[in-house]
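Breakdown of the fold
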Number of protein chains: 2
Amino acid sequence: MKSNVSEPWAELASLNVAIVGLGLMGGSLAMALRGATGSLIGIERVAASRADALKMGIVDEAFARLADVLAAVDLVVLAIPVESIVSGIRALPAIRASGCMVFDLGSTKGQIGRAMEELPAQFAAIGGHPMCGRESSGLPAATADLFLEQTFILCRNARTTPDVEAVALALVAQVGARPLFMEAADHDRLVAASSHLPYTVASLLMERAWEEASADPRLWQVSSSGLRDTTRLAGSNPEMMLEIMLTNQGPILAQLEAYGQDLETMLDALRRQDREALRAMLEQANQRRQAYLQAKYGPD
Amino acid sequence: MKSNVSEPWAELASLNVAIVGLGLMGGSLAMALRGATGSLIGIERVAASRADALKMGIVDEAFARLADVLAAVDLVVLAIPVESIVSGIRALPAIRASGCMVFDLGSTKGQIGRAMEELPAQFAAIGGHPMCGRESSGLPAATADLFLEQTFILCRNARTTPDVEAVALALVAQVGARPLFMEAADHDRLVAASSHLPYTVASLLMERAWEEASADPRLWQVSSSGLRDTTRLAGSNPEMMLEIMLTNQGPILAQLEAYGQDLETMLDALRRQDREALRAMLEQANQRRQAYLQAKYGPD
């Protein structure tokens with residue numbers, strides 16, 4: 001299935017690859033992998049998306065169900081919401097008794113890793129998560145450069161072989177991303193703070209603004225780019241986010257609870273008109289924002 | 001001081017205008033008004049900013065204190081933090097017994113309006129607030145098109161005469177903004193929801209991410225544009241925001257408390273793994289985000 005060569009394309013060139021889910025992530029992956037694999041098959045239950053993918057020429061063939069084609073596939077990449085990935089992994093042994101390589105782009109990694117570990121030994125599996133979400137979703141939003149220069153997290157588990165790891169690294173290299181190996185539990189804790197909490201906060205903020213605008217529609221006129229940017233994540237695919245919240249409940253609860261305590265501290269300082277306490281909080285947040293931009297994006 | 005002509009420039013062309021504060025707002029206003037007023041004087045306590053403003057040619061003259069020049073000024077525009085605007089208004093009668101026109105760009109309007117109403121009758125005053133903040137501050141961030149196409153709120157008070165209202169409207173027209181008259185209390189309530197709550201939420205989010213990153217610096221690698229956008233407002237000038245929070249305490253407390261309750265509702269649904277309740281909240285926030293974008297920015 002692979003040879004001992006070091007070029008990424010050599011790892012992929014001989015593989016028949018199936019991407020399950022041709023939404024923003026799967027569609028973008030298909031575009032970014034185009035021509036680099038032996039064959040590229042799209043699995044998508046929405047007929048119109050299958051037709052679009054074929055018309056756009058981003059897959060060689062498109063099927064409604066993985067079972068229709070799995071016998072001919074070397075690598076399955078699951079690019080669907082997290083709970084569907086878990087049930088998809090569990091369905092694999094029944095439709096592909098001889099095993100294959102399995103990779104996924106799911107947004108939480110703990111439950112997926114455990115499902116991969118329950119696969120029979122003829123399967124080789126590794127988890128992945130490209131850190132490049134955007135609030136638009138679906139195939140029309142897909143773009144070949146979605147992963148370019150972005151961090152692509154890889155999570156090993158008991159079913160991870162050197163072969164599947166090399167293929168995953170080749171795929172990450174092919175799409176122009178930067179691999180970062182991480183324990184699934186660490187991933188889930190970190191994305192709860194960096195992504196799931198911001199999403200929840202944005203959704204709550206959208207609700208609050210809407211309530212006020214319902215009472216006084218001039219709110220939209222008064223609003224500026226600040227409201228637009230802080231609520232951007234509320235536009236994320238709600239079904240995808242729901243599955244993220246349910247499969248990462250513990251770390252997200254911990255973040256929301258700590259956030260709620262910070263909010264109480266701020267509320268208390270404002271109630272007391274405690275100028276020095278408020279100043280310290282706002283200045284610290286401002287300095288940390290600058291330090292974060294520096295750490296993440298470098299000097300200006 | 002004015003004639004019954006309808007062109008904006010005619011209202012401004014004969015006036016000696018002093019802008020107090022050459023930061024982002026005052027500096028941008030000077031740039032946008034350049035050439036449209038009889039004279040344009042900058043009042044700025046930072047010597048380097050005075051020198052920069054003169055070098056950039058955006059003011060005719062620059063002074064450290066308003067008292068140095070007020071006798072020759074027809075219109076004073078206060079473009080400094082809210083509490084400084086209030087104390088600046090209170091200082092006017094002592095340095096300009098004969099009165100003048102007063103306008104301001106302060107971010108909250110209640111306390112400023114009350115200070116204007118305490119001015120002697122020879123002063124004519126009206127409040128203003130251009131809805132175009134950005135997280136960068138200071139003269140280097142100033143730009144002549146800051147106000148272009150933006151909403152510029154105007155708040156009348158007991159000291160507002162037809163003359164000063166006409167001059168304010170001329171100024172708004174000159175900088176390319178859209179005037180919107182509003183009661184000061186309505187303004188303060190609406191910006192608490194559309195601007196001050198998002199700012200507070202962004203600052204709390206920055207703190208939370210920083211705490212997690214202190215424990216595990218990989219957080220920055222894992223973070224994506226979502227964290228960057230949701231925390232953008234935390235980069236706002238903290239002293240300006242502190243004065244906003246202290247002068248708009250009531251409406252901001254109301255928003256923070258309602259937000260805290262919404263957070264508790266979300267937390268509770270997540271603790272119970274209540275799929276339907278969570279789905280309803282996330283879908284509603286998603287739909288409202290789309291409807292808000294439509295209402296504010298029109299079709300795509």
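Here the structure is a predicted model, which means the values were calculated and not measured.

Turning next to the overall build of chain A. In terms of helices and strands, chain A carries 12 helices and eight strands. If you line up chain A on its principal axes, its C-alpha atoms span 70 × 40 × 40 Å. The proportion of buried residues among the 300 residues of chain A is 57%. Across chain A, the fraction of contacts at a sequence separation of at least 24, relative to all contacts at a separation of at least 6, is 68%.

Turning our eyes to something else, we now look at the interface of chain B and chain A. Counting residues at the interface gives 87 residues for chain B, matched by 87 residues for chain A. Together, the buried faces of chain B and chain A total about 9,000 Å²; carbon and sulfur atoms form 63% of this surface. Considering only the side of chain B, the residues that lose the most area to chain A are V222, R289 and Y292 of chain B, jointly responsible for 8% of the buried surface there. At the boundary of chain B with chain A, the tally comes to 18 salt bridges. Linking chain B with chain A are 52 residue pairs in polar contact (both at pLDDT 80 or more), by the criterion used here. Secondary structure elements with two or more residues in the side of chain B that touches chain A: β7 (151-155), α7 (184-215), α8 (218-222), α9 (225-230), α10 (238-247), α11 (249-271) and α12 (275-297) of chain B. Ranked by residues supplied to the side of chain B that touches chain A, first place goes to α7 of chain B with 21 residues. Residue composition of the side of chain B that touches chain A, by class: 45 nonpolar, 20 polar and 22 charged.

What follows is about the confidence of the model for chain A. Detailed reading of the predicted model is not advised wherever pLDDT is low. Residue and element names in this part refer to chain A. Averaged over every residue, the pLDDT of chain A is 94; residues scoring 70 or more account for 96%. Taken as a whole, residues 1-5 scores under 50 in pLDDT and shows 10 contacts with residues more than four places along the chain or in a different chain. Here the predicted complex scores 0.89 on pTM and 0.89 on ipTM.

As a further point, take unusual backbone geometry. Most peptide bonds take the trans form, and the phi angle of most residues other than glycine is negative. Residues and elements named next belong to chain A. Residue E149 is not a glycine yet carries a positive backbone phi of 65°. Here the phi dihedral of Q273 falls at roughly 50°; this positive angle occurs in a residue that is not glycine. Examined against the element boundaries, Q273 turns out to sit in the loop between α11 (249-271) and α12 (275-297).

A few words on the sheet that holds strand β6 (residues 124-130) of chain B. Residue and element names in this part refer to chain B. Spatial ordering of the open sheet is given by β3-β2-β1-β4-β5-β6-β7-β8, a layout of eight strands whose pairing is mixed. Each edge of the open sheet carries a strand with a single partner, namely β3 (61-63) and β8 (178-181). In this sheet, neighbouring strand axes are inclined to one another by 25° on average, regardless of whether the strands run parallel or antiparallel. In the sheet, strand β1 (residues 16-20) pairs with strand β4 (residues 75-78) via four bridges, with the strands oriented parallel. In the sheet register, V17 faces β4, and the bridge partner there is L75. Of the strands in this sheet, β1, β2 (39-43), β4 and β6 touch helix α2 (residues 24-33), which is tilted by about 155° from β1.

The pairing of strands in a sheet comes from backbone hydrogen bonds and takes either a parallel or an antiparallel form. All names here are of chain A. Read across the open sheet, the eight strands follow the order β3-β2-β1-β4-β5-β6-β7-β8; overall the sheet is mixed. Each end of this open sheet is capped by a strand with a single partner; those strands are β3 (61-63) and β8 (178-181). Between one strand axis and the next, the sheet turns through 25° on average, direction left out of account. One ladder, built from four bridges, connects strand β5 (residues 101-104) with strand β6 (residues 124-130); its direction is parallel. Following the sheet pairing, F103 is matched in β6 by I126. Sheet strands touched by helix α6 (residues 162-174): β4 (75-78), β5, β6, β7 (151-155) and β8. Its angle to β5, the strand with the most contacts, is close to 45°.

Grouped together as the largest cluster of nonpolar side chains are 131 residues, with contacts concentrated most on V102 and Y259 of chain A together with V102 and Y259 of chain B. Contact partners of Y259 of chain B, with chain neighbours within four places excluded, come to V201, L204, L205, R208, Y259 and L263 of chain A together with L197 and V201 of chain B.

In this section: helix α5 (residues 110-117) of chain B. Looking only at α5 of chain B, the buried set comprises G110, I112, G113, A115 and M116 of chain B. Residues of α5 of chain B that are buried in the fold lie against α4 (82-95), β5 (101-104), β6 and α7 of chain B.

Residue and element names in this part refer to chain A. Running from N to C, α11 and α12 point in directions that differ by 140°, and their axes come no closer than 8 Å. Classified by the interaxial angle, the pair formed by α11 and α12 is oblique. Residues T265, M266, A269 and L270 of α11 lie in contact with α12, whose contacting residues are A277, L278, M281 and L282. Tallied by class, residues from the contact of α11 with α12 come to seven nonpolar, one polar and no charged.

Put simply, the second copy of the chain is the first one after a rotation about an axis and a shift along it. With an RMSD of 0.0 Å, chain B superimposes on chain A once it is rotated by 180° and translated 0.0 Å along the axis. The operation mapping one copy onto its partner corresponds to a two-fold rotation axis. Of the C-alpha atoms belonging to chain B, the one lying closest to the rotation axis is found on T230 of chain B, 2.2 Å away. The fraction of interface residues of chain B whose copies in chain A are also interface residues reaches 100%, indicating that both copies meet through the same surface.

Residues and elements named next belong to chain A. For strand β2 (residues 39-43), the buried fraction is high: five of the five residues fall into the buried class. Alternating residues of β2 divide into S39, I41 and I43 and L40 and G42, and every residue in both groups is buried. Examined bridge by bridge, strand β1 (residues 16-20) and β2 share five bridges and lie parallel to one another. Residue pairing in the sheet places V20 in a bridge with I43 of β2. Each parallel crossover has a hand, and for β1 linked through helix α2 (residues 24-33) to β2 it is right-handed. Where β2 lies against β3, three bridges are found, and the strand directions are parallel. Residue pairing in the sheet places I43 in a bridge with F63 of β3.

Analysis parameters
Residues numbered from 1 in each chain as written. Chains lettered and ligands numbered in written order. Predicted model: local features only at pLDDT ≥ 70, side-chain atom pairs only at ≥ 80, totals over all residues. Heavy atoms only, no water. Helix = DSSP H or I, 4+ residues; strand = E, 2+ residues; numbered from the N terminus. Buried < 20%, exposed > 50% of the residue type's maximum accessible area, 1.4 Å probe, protein only. Contact = heavy atoms within 4.5 Å. Buried area = accessible area lost by both parts, 1.4 Å probe. Salt bridge = Lys/Arg side-chain N within 4 Å of Asp/Glu carboxyl O. Polar contact = N/O pair within 3.5 Å; in protein donor to acceptor, adjacent residues only side chain to side chain. Nonpolar A, V, L, I, M, F, W, Y, C, P; charged D, E, K, R; others polar. pLDDT = per-residue confidence, 0-100. Pairing = 2+ DSSP bridges. Axes fitted to C-alpha atoms, helices over the stretch in contact; angles between N-to-C directions. Core = buried A, V, L, I, M, F, W, Y, C linked by side-chain atoms within 4.5 Å. Parallel < 35°, antiparallel > 145°, perpendicular 65-115°, else oblique. Least-squares fit on C-alpha atoms with pLDDT ≥ 70 in both. Right-handed = clockwise from strand over helix to strand, strands pointing away.

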